[in-house]
Amino acid sequence: MTVKDTRAMVMAALALLSAFGCADLAPVGPELAGDGGVGERREPLVDGLSQTNSLTLNAVVWIAGCTGTLVAPDMVVTAGHCAGGMTPAWEDDAVVGTGTWRAASPITVKIGPDPDAPVVERTARWSMQAGNDDVMMWLLDEPVPASIATPLTVMTRDLYDHVTGSGSLQGETVILGGYGASVDGDDSGMFAYSTVGAFTGGVVGPNNVNHELFYPAAARLEGGDSGGSVFKYGSLPGGGGTYYLVGVHVAGVVNGTTGRFVAPWGEGGNDSNGNYHPNLSAFFDGEVTQSLRRNVFQPREGRDQWHPFFCISNEECQVGDFNGDGRDDIVAFTKGSSADVHVGLSYGWRTWSGLSSVNQPGRGFESGLWHGFFGPHAEQVGVMDFDGDGLDDIYTGTTFGLYVARTSCGDSDCSNNPPEDFGPESPFLITSSAICHPSNRTCITGDVTPFQRDEIVSIEAGTGDVTVYTVAGDMSSGFSISTLSVDTTPIDGWCLPPARCQLADYDGDTRDELLIFDNDSGGDVYVADTTLSCSGLVCSVTAFHAPVKLSDGLCYDLGGSHRRDCEAADVDGDGDEDDIVIFDRYYDRVHVAIGDSATHSLTTTYSWSTSVCPDGHDCRTGDFNGDGMDDIVGFSKISGEGPWGSVYVQTSTASF
């Protein structure tokens, strides 16, 4: 964009704004009253903040050689043409006519009046563009602290009607902010803001698509002002006042009197050329913005949608390898009265409609109904390889005993057909003892012994006493279950709520150890190894060791979204499930603490991704692309949190 275009664009913005009148607003807000003036620049920084009006004016940021506006701690809006090297990702249904874009490389956002010495810097990788309107919103990798800048309030349609009384802003004074070079060449690229007079012309109104307007040449719009802020002080519906973002500069003529700007209250429609413009009021709306933050901007490096609708609402989502191909699959227990069981096999392509016609290796789940009426209502359900054939099966614990549904291939040994369901036969009643009673025992499964089939660790409510059960037998001779003779005294009581326990091969010896996340305010993580005793070629596990603390402050549940859910996984591909994946629900972050099983320690904790698994998503770990490194799967569980029922996967590259 040329300097000439930039100035014309801003002049257009100002003209539209002035054309909307609002009689009861002060010309400028309390922070800026008496300050500024045409082209006046801010004072230098003092103690990290500007001497004058820092929190409001710091919301006008330098972005990729243009100007942008902070509209949330982690979101910046600017002109769409300011983004170079963008790759379209996909269209999004949250706001019709919008699309998601990915930067070829992270862009830099600088906060503070001098881009050469910013107060803070942030990077952004993903953006959302509003169709044919030249406006784009960027998601920052990390939010800007409140001590640095106060985001401007976006004047969406509802706020526009409140401020104007459903009239217009014509005749009102506005403030312009941008990082354009000054006309005389001084302070090139430094931030400037101008308090300008009322707009004097232009066809304006809430339903105007083009937003053509006039503004005074004294605004001093220059190259670098593209995407800049048109803002104004106004009243809030609940009382008090705020600085509203009422426009984004998109086109103009330097020292001219006409131009174009994008108003966030636009209702959408076709312009005179027949081009559709989206509903900008919806694009900027707070609820939609939150949806975009969590679901559209959510994809990060390697993260993608692998299924459009799977495991919704109160359905229970779990992970297992049901076809033995070395890639983890997903399973949904619908519960309730129907109690269906659906499995999504991890295949090398995505084939459902509306997403992609291009095969993408390792990216997709193909789902189908694998069992009817299994684990209804409050029955406890889970995944385990109970027969040692390398294919995961499912179980349900009832008040009448433990039932298992075995993965079936149409023949007994799966040599001719791939797995297709959990068997034509009825579930096996393994025991009539309620070892996984829905209300008074909690069960977890894993391969504790050298028998190469999963055992059941049953934890008694109230006492936390642990009993380990092992399954023996096969299809021809039948199956039986017995108590494993192993000393559990060292771990008794450790898995009582709020603590959560998991079986994982912590040290890579092919036997699972017990991981304990105490989930209290201390956030401690422990591991309990097992003792293996051998006589000749026959070995058995004889006891659990006393738990050893790996770290503190990692995993806790303090109520509501103030929690960090954790899972042990092999994220770095070293063969040990000694890494801890941390889902931080409050900050919508995912971290990973890389483990060293030899020293029973956790080393560097890395920030894996932002907004990958927000509160309202059910998240698990598993190796979904078969590369030997565990990934993250997130199930979108809440309607209104974005594409409801979508399943996303974030793959690990072991390079955080």
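These notes cover the structure that comes with them. As the structure is a computational prediction, the values presented were derived from the model and not from experiment.

About the cut-offs
Residues numbered from 1 in each chain as written. Predicted model: local features only at pLDDT ≥ 70, side-chain atom pairs only at ≥ 80, totals over all residues. Heavy atoms only, no water. Buried < 20%, exposed > 50% of the residue type's maximum accessible area, 1.4 Å probe, protein only. Helix = DSSP H or I, 4+ residues; strand = E, 2+ residues; numbered from the N terminus. Pairing = 2+ DSSP bridges. Phe/Tyr/Trp six-rings, centres within 6.5 Å; stacked < 30°, edge-to-face > 60°. Arc of directions from axis to C-beta. Axes fitted to C-alpha atoms, helices over the stretch in contact; angles between N-to-C directions. Salt bridge = Lys/Arg side-chain N within 4 Å of Asp/Glu carboxyl O. Disulfide = S-S within 2.5 Å. Contact = heavy atoms within 4.5 Å. Polar contact = N/O pair within 3.5 Å; in protein donor to acceptor, adjacent residues only side chain to side chain.

A word on the pairing of strand β6 (residues 75-78). Burial along β6 is two-sided: the residues Met75 and Val77 and Val76 and Thr78 are all buried. Across 4 bridges, strand β5 (residues 66-72) lies against β6 in antiparallel orientation. Each bridged residue has a counterpart across the sheet, and for Leu70 the counterpart in β6 is Val76. Connecting β5 to the antiparallel partner β6 that follows it, the hairpin turn spans 2 residues. As paired elements, β6 and strand β10 (residues 136-140) share 4 bridges and run antiparallel to each other. Among the inter-strand pairings, Val76 is bridged to a residue of β10, identified as Trp138.

Moving on to the packing of aromatic side chains. In this description, an aromatic ring pair is defined by two values, namely the gap between the centres and the angle between the planes. All told, the structure shown has 11 aromatic pairs when counted by the stated rule. An angle of 65° between the planes, with centres 5.2 Å apart, marks the rings of Trp370 and Phe422 as edge-to-face. A residue pair is termed long-range when its members are at least 10 positions apart, and Trp370 in strand β25 (residues 365-371) and Phe422 in the loop between β28 (401-405) and β29 (428-431) qualify at 52 residues. Neither Trp370 nor Phe422 differs from the other in exposure class; each is buried. Between Phe386 and Phe479 the ring centres are 4.8 Å apart and the planes differ by 55°, which places this aromatic pair in the tilted class. Of this pair, Phe386 sits in the loop between β26 (380-384) and β27 (393-398) while Phe479 sits in strand β33 (residues 478-483), and the two are 93 residues apart along the sequence. Given the relative accessible area of 0%, Phe386 is considered buried. The exposure class of Phe479 is buried, given its relative accessible area of 17%.

Another aspect to go through is the pairing of strand β32 (residues 466-474). As paired elements, strand β31 (residues 455-460) and β32 share 4 bridges and run antiparallel to each other. Counterpart to Ser458 in the pairing with β32 is Thr467. What sits between the antiparallel neighbours β31 and β32 is a turn of 5 residues, in which Gly462 has the positive phi angle 90°. Taken together, the 6 bridges between β32 and β33 define a ladder with antiparallel strand orientation. Looking at β33, one finds that Gly473 is bridged to Phe479. Between β32 and β33, which pair antiparallel one after the other, the connecting turn spans 3 residues.

The peptide bond linking Pro497 to Pro498 adopts the cis configuration, its omega dihedral lying at 10°. The backbone phi angle of Cys311 is positive, close to 60°, even though this residue is not glycine. Here Cys311 lies in the loop between β21 (303-307) and β22 (316-320). You can call Cys311 buried: its relative accessible area is 3%.

A word on helix α3 (residues 157-164). Residues of α3 that are buried include every one of Arg157, Leu159, Tyr160, Val163 and Thr164, and no others. Considered in projection along α3, the buried side chains sweep an arc of 160° and stay on one side of the axis. Within two residues after α3, Gly165 carries a phi angle of roughly 65°, on the positive side.

What links the strands of a sheet is backbone hydrogen bonding, and the strands pair in either a parallel or an antiparallel sense. Sheet architecture is open: 4 strands sit in the order β34-β35-β36-β39, paired in antiparallel fashion. Two strands bound the open sheet, and with one partner strand each, they are β34 (500-504) and β39 (548-551). The sheet shows a mean angle of 30° between the axes of neighbouring strands, direction not considered. Alignment of β34 against strand β35 (residues 513-517), held across 5 bridges, turns out to be antiparallel. By the bridge assignment for β35, Gln502 is matched with Leu515.

Once that is clear, we can look at the pattern of salt bridges. Enumeration according to the criterion identifies 10 salt bridges in this entry. As a salt-bridge pair, Arg441 and Glu460 come within 3.7 Å of each other at their nearest N and O atoms. Of the two residues, Arg441 sits in strand β30 (residues 441-446) while Glu460 sits in strand β31, which places them 19 residues apart along the sequence. For Arg441, a relative accessible area of 15% gives the class buried. Salt bridges here are not isolated pairs; linked through shared partners, they connect Asp387, Asp389 and Arg406.

So, about the state of the cysteines. Considering all chains together, one arrives at 6 disulfides under this definition. Disulfide pairing is shown between Cys66 and Cys82; the S-S distance is 2.2 Å. Given an S-S torsion of about -95°, the disulfide between Cys66 and Cys82 has left-handed geometry. A residue pair is termed long-range when its members are at least 10 positions apart, and Cys66 in strand β5 and Cys82 in the loop between β6 and β7 (86-92) qualify at 16 residues. Disulfide pairing places Cys534 opposite Cys539 at an S-S distance of 1.9 Å. With the S-S dihedral at roughly 110°, the linkage between Cys534 and Cys539 falls on the right-handed side.

This brings us to the sheet that holds β27. Sheet architecture is open: 4 strands sit in the order β26-β27-β28-β29, paired in antiparallel fashion. In this open sheet, the two strands that pair with only one neighbour each are β26 and β29. Averaged over neighbouring strand pairs, the angle between their axes works out to 30° when direction is ignored. For β26 and β27, the ladder comprises 5 bridges, and the chain directions are antiparallel. Bridge pairing in β27 links Gln380 to Gly397.

Turning our attention to the environment of Ile516. Within the fold, Ile516 resides in strand β35. If near-sequence neighbours (up to four positions away) are discounted, Ile516 is found in contact with Trp494, Arg500, Cys501, Asp524, Val525, Tyr526 and Pro547.

Inspection of the secondary structure assignment puts Asp387 in the loop between β26 and β27. Looking at Asp387, the relative accessible area reads 11%, which means it is buried. At 2.7 Å, the side chain of Asp387 and the side chain of Arg406 are in polar contact. For Asp387, the contacting residues outside a window of four places in its chain are Asp393, Arg406, Arg453 and Phe479.

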